[in-house]
Amino acid sequence: MGRLSSLTVVAASLSVAVAQTFQRLGACPDLGCVLPPDQSDFLPGQYFDLRLEVHAPVNGSEAFNDGKPDENFSVTIAKEGGESKSITEFFDVPEPELEKWDFEWYEDLFAQDADTPSIVNVASKMYRKLAIYEPGNYVVTLKYYDGQTTTANWVVRPLATQKKAKNVILFIGDGMTTNMITAARLLGHKSINGKYQSLLQMDQFPVVGHQMTHSIDSFITDSANSASALYSGHKSTVNAMGVYADSSADLFDDPKVETIVEILKRTWNSAWGAVSTAAISDATPIALSGHSRSRYAYGSLVDQGLNSVTNYSWTNHGGPDVWFGGGAEQFYPGSGTYEGKDYYEAFENAGYEISMNKTSLLELRNSSKALGIFCQLHFPVWLDRNVYTENLATFKNEPLGSKNPALDLPGLKEMTLKAIDILHTRGGDNGFFLMSEGASIDKQMHALDYDRALGDLLELDDTVRATIAHLKEIGELESTLILVTADHGHGFDVYGGIDTKYLSEQKTDRDKRSAVGTYELSGLSQYTVPADGVSYGTGANFPLNWDPRYTLAQGLSANPDHRENYRVHKAPRSVVSSAPGFDEDDLFVNAQDSPDGFVVNGTLSVAEAQGVHSLTDVPVFAMGPCQETFGGVYGNIDIFYKMANCLGLARPDGKSPAEPGGGCPTKD
């Protein structure tokens with residue numbers, strides 16, 4: 001069966017939801033595929049690969065040409081108003097070799113149930129590391145099967161060579177929506193007669209916009225391709241980053257697009273880094289440098305983070321100047337790392353100082369590159385690190401791979417401020433780019449652990465507040481564009497208040513629901529009211545009491561069957577479990593979760609253990625140089641173009657400004 005034989009790979013890589021459950025290949029509605037596809041945008045001078053595929057389905061409703069793909073297809077490109085040229089002539093590149101393979105996919109759920117896949121034979125060519133420098137509209141035309149055509153309309157955005165911001169700090173609250181921000185404000189900030197006495201730092205940004213988060217072939221996105229859109233200006237398929245997903249079996253041969261840190265490094269030689277409370281190999285941080293159809297190829301993506309793309313000619317991003325997060329299992333030698341290598345050693349050999357706890361983090365020299373990996377998997381959340389600290393001892397997450405807990409953990413604020421100091425020193429006059437992610441807003445919303453999610457949102461806001469103060473202290477506030485946004489949302493909201501004592505003492509689910517107060521019965525927030533004997537020492541802008549009698553009636557629009565008592569969970573939550581006599585993926589309400597609550601019926605498949613992402617637009621807060629460009633409603637890819645323009649990355653040639661004839665210098 002050629003190059004693709006695993007149906008598991010097919011389901012993970014190619015199944016998408018647009019007008020139907022599955023698609024033969026996302027962004028390829030015809031038997032001819034152009035990747036980057038129709039409606040793609042490019043920064044002038046941004047490197048990209050061009051993949052062409054011609055499909056010949058062997059069976060199924062699309063069966064064509066006896067399963068023989070046209071190997072003599074042709075392709076041209078033309079700028080609007082200009083003549084068509086072959087790809088080789090237009091880009092001055094050699095003609096690549098023809099590639100052939102086959103793959104399988106299911107046409108619908110009935111075909112999947114019957115295990116009757118459709119087989120597709122493919123003829124393909126790949127043109128690598130191309131760039132278009134002249135702004136305008138372009139049309140790529142693929143011709144095949146004696147008259148069939150597939151066209152892709154491309155837009156190369158306007159030039160922007162002047163560097164208006166020296167630095168960019170992009171904060172991402174993973175999964176964060178306006179509704180969550182509103183709920184977090186209610187928890188952490190006191191109001192009197194409906195008027196808040198203090199505000200979130202995000203509330204005080206001068207410009208607010210909203211971004212639409214659709215992926216290229218689904219209106220519900222995931223963190224990989226949504227981060228990729230923010231970093232590259234190109235949409236992709238669920239689970240993919242830095243590439244357009246093709247139909248080949250290789251997870252690392254798909255057509256790539258250059259990311260903002262790759263362009264920034266080769267243009268201005270700026271410093272760059274990523275900070276996350278997730279594993280550093282998780283989708284949001286790794287997509288800055290990662291190019292793969294699968295976000296789950298963790299070890300290989302960490303190798304790309306250090307060494308850049310090595311299987312094809314591509315931009316060398318030089319390795320991050322700062323990488324702080326979790327995910328130690330991708331660094332100590334073993335099954336989790338690329339080829340079993342010791343990546344602590346690899347980073348050390350590349351000149352990095354290594355930190356594995358908060359104490360050593362604060363001692364890192366600002367002049368050296370730094371790798372900080374503080375635990376296995378993702379960080380314990382803010383609520384466990386600061387309030388229910390006894391939970392930390394239950395984790396088996398020490399960063400050298402033992403079963404001991406990681407107890408000396410930094411928070412997002414400590415990691416971000418240290419990262420700024422290192423990047424400020426190493427970037428110098430060339431500036432820096434930093435992405436800082438509050439990761440478990442999303443992860444705890446998935447788990448329906450709302451208080452833990454909102455605690456991490458408050459930690460993110462506290463980090464933003466401290467960052468602004470620190471930038472002012474080091475003299476970089478006026479030269480730094482600061483953005484706070486999300487990659488996608490969840491269908492979360494607050495719809496009333498709960499008397500948790502009354503709920504607990506009722507005997508039936510129907511009676512327990514009488515504890516939900518709506519409208520005038522919802523009451524006021526009790527989280528900012530001091531309680532006798534309750535003191536966490538977490539400072540201003542956080543709740544004084546995480547477990548009041550009167551709490552929030554809150555939830556998701558998409559969730560599994562579960563039980564709610566609407567109180568804080570003093571240990572991490574698991575809402576479902578399997579049951580004896582049933583399949584492992586036939587999940588039921590976890591009897592140990594919220595036992596005094598009432599059952600909330602699910603809206604998802606019984607195999608789904610968590611909540612899922614939603615359609616909602618997400619907010620964008622902006623301050624600093626170019627802040628005025630971030631108002632309004634726009635697509636997620638536009639954040640990349642707005643940042644790139646502010647950094648002077650849209651250039652008329654492939655030269656850096658320091659090279660002869662390399663364009664305009666930094667703004668005075």
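Residues numbered from 1 in each chain as written. Predicted model: local features only at pLDDT ≥ 70, side-chain atom pairs only at ≥ 80, totals over all residues. Heavy atoms only, no water.

Section: unusual backbone geometry
What counts, and what does not: Going along the chain from the N terminus, every DSSP run of H or I of four or more residues is numbered as a helix, and every run of E of two or more is numbered as a strand. Burial here depends on accessible area, computed with a 1.4 Å probe over protein chains only, as a share of the maximum for the residue type. Under 20% is buried, over 50% is exposed, and the range in between is partly exposed.
Along the chain, Leu35 connects to Pro36 via a cis peptide bond; the corresponding omega equals 10°. The topology assignment puts Pro36 in the loop between β1 (32–35) and β2 (40–42). Its identity is not glycine, yet Lys129 carries a phi of approximately 55°, on the positive side. Owing to a relative accessible area of 30%, Lys129 belongs among the partly exposed residues under this scheme. Despite not being glycine, Asn239 has its phi angle at roughly 85°, a positive value. Its place among the elements puts Asn239 in the loop between α5 (223–232) and α6 (260–268).

Quick word on the nonpolar core
Stated precisely, the cut-off is as follows: Put simply, a nonpolar core is a bunch of buried Ala, Val, Leu, Ile, Met, Phe, Trp, Tyr and Cys residues held in one set by side-chain atoms that sit within 4.5 Å of each other.
Core analysis: the largest hydrophobic core is formed by 66 residues, its most contacted members being Met176 and Phe324. If one sorts the elements of this core by residue count, helix α14 (residues 450–473) sits on top with 9 residues. Ala229, Leu230, Leu301 and Leu647 belong to the second-largest nonpolar core, a separate cluster that totals 59 residues.

With respect to the state of the cysteines
Which entries qualify depends on this criterion: Whenever a pair of cysteine sulfur atoms sits within 2.5 Å, that pair is classed as a disulfide.
Applying the stated criterion across every chain, the model contains 2 disulfides. In this model Cys28 forms its disulfide with Cys33; the gap between the sulfur atoms is 1.9 Å. On the sign convention where negative means left-handed, the S-S torsion of about -70° between Cys28 and Cys33 marks this disulfide as left-handed. Across the pair, Cys33 and Cys28 agree in class, each one buried. Put simply, Cys626 and Cys646 are joined by a disulfide, and their sulfur atoms are 2.1 Å apart. Taking the torsion about the sulfur-sulfur bond, which here is approximately 90°, the covalent link between Cys626 and Cys646 counts as right-handed. Residue Cys626 is found in the loop between β29 (618–623) and β30 (632–635), and its partner Cys646 is found in helix α17 (residues 636–646); the two are separated by 20 residues along the sequence.

Structural notes on the side chain of Gln506
Put simply, the rule is: A 3.5 Å cut-off defines polar contacts: any pair of N or O atoms within that distance qualifies, except that in protein one atom must be a possible hydrogen donor and the other a possible acceptor, and neighbouring residues in sequence count only when both atoms are side-chain atoms. Only heavy atoms matter for contacts: two residues are in contact if any of them lie within 4.5 Å across the pair.
As for its placement among the helices and strands, Gln506 is situated in the loop between α15 (500–505) and α16 (509–512). Gln506 gets classed as buried once you look at its relative accessible area, which sits at 19%. Here the side chain of Gln506 touches Tyr502 through a polar contact of 3.1 Å, landing on its backbone oxygen. The contact partners of Gln506, leaving out residues within four places of it in the chain, are Asp511 and Lys512.

Considering the environment of Lys256
Note on placement: Lys256 falls in the loop between α5 and α6. When its relative accessible area of 3% is taken as the criterion, Lys256 is described as buried. It is 19 Å that separates the C-alpha atoms of Lys256 and Thr221, two residues lying 35 residues apart in sequence. What Lys256 contacts, discounting residues up to four positions off in sequence, is Tyr47, Phe48, Asp49, Arg128, Gly242, Val243, His291, Val309, Tyr312 and Trp314. Here the side chain of Lys256 touches Asp49 through a polar contact of 2.7 Å, side chain to side chain.

Considerations on the packing of aromatic side chains
So the rule is basically this: Ring pairs shown here join Phe, Tyr and Trp side chains whose ring centres sit within 6.5 Å, with only the six-membered ring taken for Trp; geometry is labelled stacked below 30 degrees between planes, edge-to-face above 60, and tilted in between. Two conditions define a charge sitting above a ring: the NZ of Lys or the CZ of Arg must be within 6 Å of the ring centre, and it must be within 35 degrees of the ring normal.
Counted under the stated rule, the structure contains 25 aromatic pairs. Their ring planes at 80° and their centres at 6.1 Å tell us that Phe48 and Phe91 sit as a pair that is edge-to-face. Note that Phe48 is positioned in strand β3 (residues 48–57) and Phe91 in helix α2 (residues 87–91), a separation of 43 residues in sequence. Ring centres of Trp382 and Phe542 lie 4.4 Å apart, and the angle between their planes is 5°; this geometry places the pair in the stacked category. Separated by 160 residues along the polypeptide, Trp382 in helix α11 (residues 382–386) and Phe542 in the loop between β22 (516–517) and β23 (550–556) bring together distant segments of the chain. Residue Phe542 is classed as buried on the basis of its relative accessible area of 5%. Aromatic ring contacts, followed pair by pair, group Phe42, Phe48, Phe90, Phe91, Tyr138 and Trp154 into a single cluster. Positioned above the aromatic ring of Phe73 is the side chain of Lys125, whose terminal nitrogen or guanidinium carbon lies 5.8 Å from the ring centre. Just above the ring of Trp314 sits the side chain of Lys256; from NZ or CZ to the centre is 4.6 Å.

Concerning the sheet that holds β22
Rules: At least two bridges found by DSSP between two strands is the condition for calling them paired. Fitting a line to C-alpha atoms yields each axis, with helices limited to the stretch in contact; the angle taken between N-to-C directions then spans 0 to 180 degrees.
If you walk across this open sheet you meet the 3 strands as β22-β21-β23, and the pairing is antiparallel. Lying at the two open borders of the sheet, with one neighbouring strand each, are β22 and β23. Looking at chain direction, strand β21 (residues 492–499) and β23 are connected through 7 bridges and run antiparallel. Residue pairing in the sheet places Asp499 in a bridge with Tyr550 of β23. The strands that helix α4 (residues 178–188) touches are β21 and β23; relative to β21, the one it contacts most, it runs at about 35°.

Description of the confidence of the model for the protein
Defined as follows: Values of pLDDT, which run from 0 to 100, indicate the predictor's confidence residue by residue.
Looking at the protein as a whole, the pLDDT averages 94, with 96% of positions reaching at least 70. Predicted confidence is poor over residues 1–19, with pLDDT under 50, and the contacts of this stretch with residues over four places away or in other chains come to 52 contacts. Predicted confidence for residues 663–668 stays below pLDDT 50, and this span has 10 contacts to residues more than four positions away or in other chains.

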